[in-house]
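# Observations on the model geometry
Chain by chain, the residues:
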Amino acid sequence: MPTKIRSKTPQDFVYTLSDWEEEYCGKQDSRYQSFKIVFNILMRLNRPIRVLETGCQRGVEDYGAGCSTLVIADFLSRHKKLQHLTTKEKSIFVSVDNNPNNMALSQSVIKKFLSQIDYRGVIMDSSQLLQILITEDTGWLPADFPFTFDFIYLDAVDADPNS
């Protein structure tokens, strides 16, 4: 088993039992391994990352459901520090959910990371946003909205399969 160390470089995060792993390894179910694989790939990018999450965190410490909003925001904050990105260089994290209460909760859970990342909560059905991104029918979205992403985490239960 690798030695537990506090991540100081991107390589520490990728190749060791990092402080991020120590924080989340025992709390999450099978999602943990998938997050670790994806985050290892993303950690190698020496630039801000763009992440889209469909469906946001619905409970403060609901690790059985993944706590994906918290886990992703924490990773993006660590990525910024480990890659020594400048103050202006922030990863973009877009989370979409059709429930305003869930969105408010998820924003409160990641409040401590908001100075390190550019978080954008979008209240709408995730399938509608994905359709907009696919068709590039972006008339109502803000001009600075990201239209390409390095990682799309599909975890919405609110999508209507008939739309």
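Residues numbered from 1 in each chain as written. Predicted model: local features only at pLDDT ≥ 70, side-chain atom pairs only at ≥ 80, totals over all residues. Heavy atoms only, no water.

### Considering helix α4 (residues 68–82)
The α-helix winds at 3.6 residues per turn, so residues separated by three or four positions along the chain end up facing the same way. Selection rule: Comment: elements are numbered from the N terminus, with helices defined as DSSP H or I runs of at least four residues and strands as E runs of at least two. Expected helix span is given by 1.5 Å per residue-to-residue step, counting one fewer step than there are residues. The buried label goes to any residue with under 20% of its type's maximum accessible area, the exposed label to any with over 50%, and the partly exposed label to all in between, with areas taken from a 1.4 Å probe on protein chains only.
For α4, which comprises 15 residues, the first-to-last C-alpha distance of 21 Å matches the rise-based estimate of 21 Å (1.5 Å per residue) to within 8%. In terms of residue burial, α4 counts as a mostly covered element, since 14 of its 15 residues are buried. Histidine 84 occupies a position one or two residues after α4 and carries a positive phi of about 55°.

### Focus on the environment of tyrosine 32
Considering the arrangement of structural elements, one finds tyrosine 32 in helix α3 (residues 31–43). For the pair formed by tyrosine 32 and valine 71, sequence separation is 39 residues and the distance between their alpha carbons is 9.4 Å.

### Looking at the confidence of the model for the protein chain
To keep it simple, the criterion reads: The pLDDT score gives, residue by residue, the confidence of the prediction method on a 0 to 100 scale.
The pLDDT averaged across the protein chain works out to 79; a share of 73% of its residues lies at or above 70. Ranking the elements of the protein chain by mean pLDDT puts helix α1 (residues 10–15) last with 57 and strand β1 (residues 50–54) first with 94.

### Regarding the packing of aromatic side chains
Basically, it comes down to this: Aromatic pairing here means that ring centres of Phe, Tyr or Trp (its six-membered ring) are within 6.5 Å. Orientation follows from the plane angle: under 30 degrees is stacked, over 60 is edge-to-face, and everything else is tilted.
Inspection of the entire model under this criterion finds six aromatic pairs. When the ring of phenylalanine 35 is compared with that of phenylalanine 39, the centres are 5.3 Å apart and the planes differ by 25°; the resulting orientation is stacked. Of this pair, phenylalanine 35 and phenylalanine 39 both sit in helix α3, four residues apart, which is roughly one turn of the helix. With respect to class, phenylalanine 35 is no different from phenylalanine 39; both count as buried. Here the aromatic rings of phenylalanine 35 and tyrosine 153 are separated by 5.1 Å at their centres, their planes lie at 35°, and the arrangement is tilted. Of the two residues, phenylalanine 35 is situated in helix α3 and tyrosine 153 in strand β4 (residues 151–154); the sequence distance between them amounts to 118 residues. The class for phenylalanine 35 is buried, based on a relative accessible area of 2%. Aromatic ring contacts, followed pair by pair, group Phe35, Phe39, Phe75, Phe151 and Tyr153 into a single cluster.

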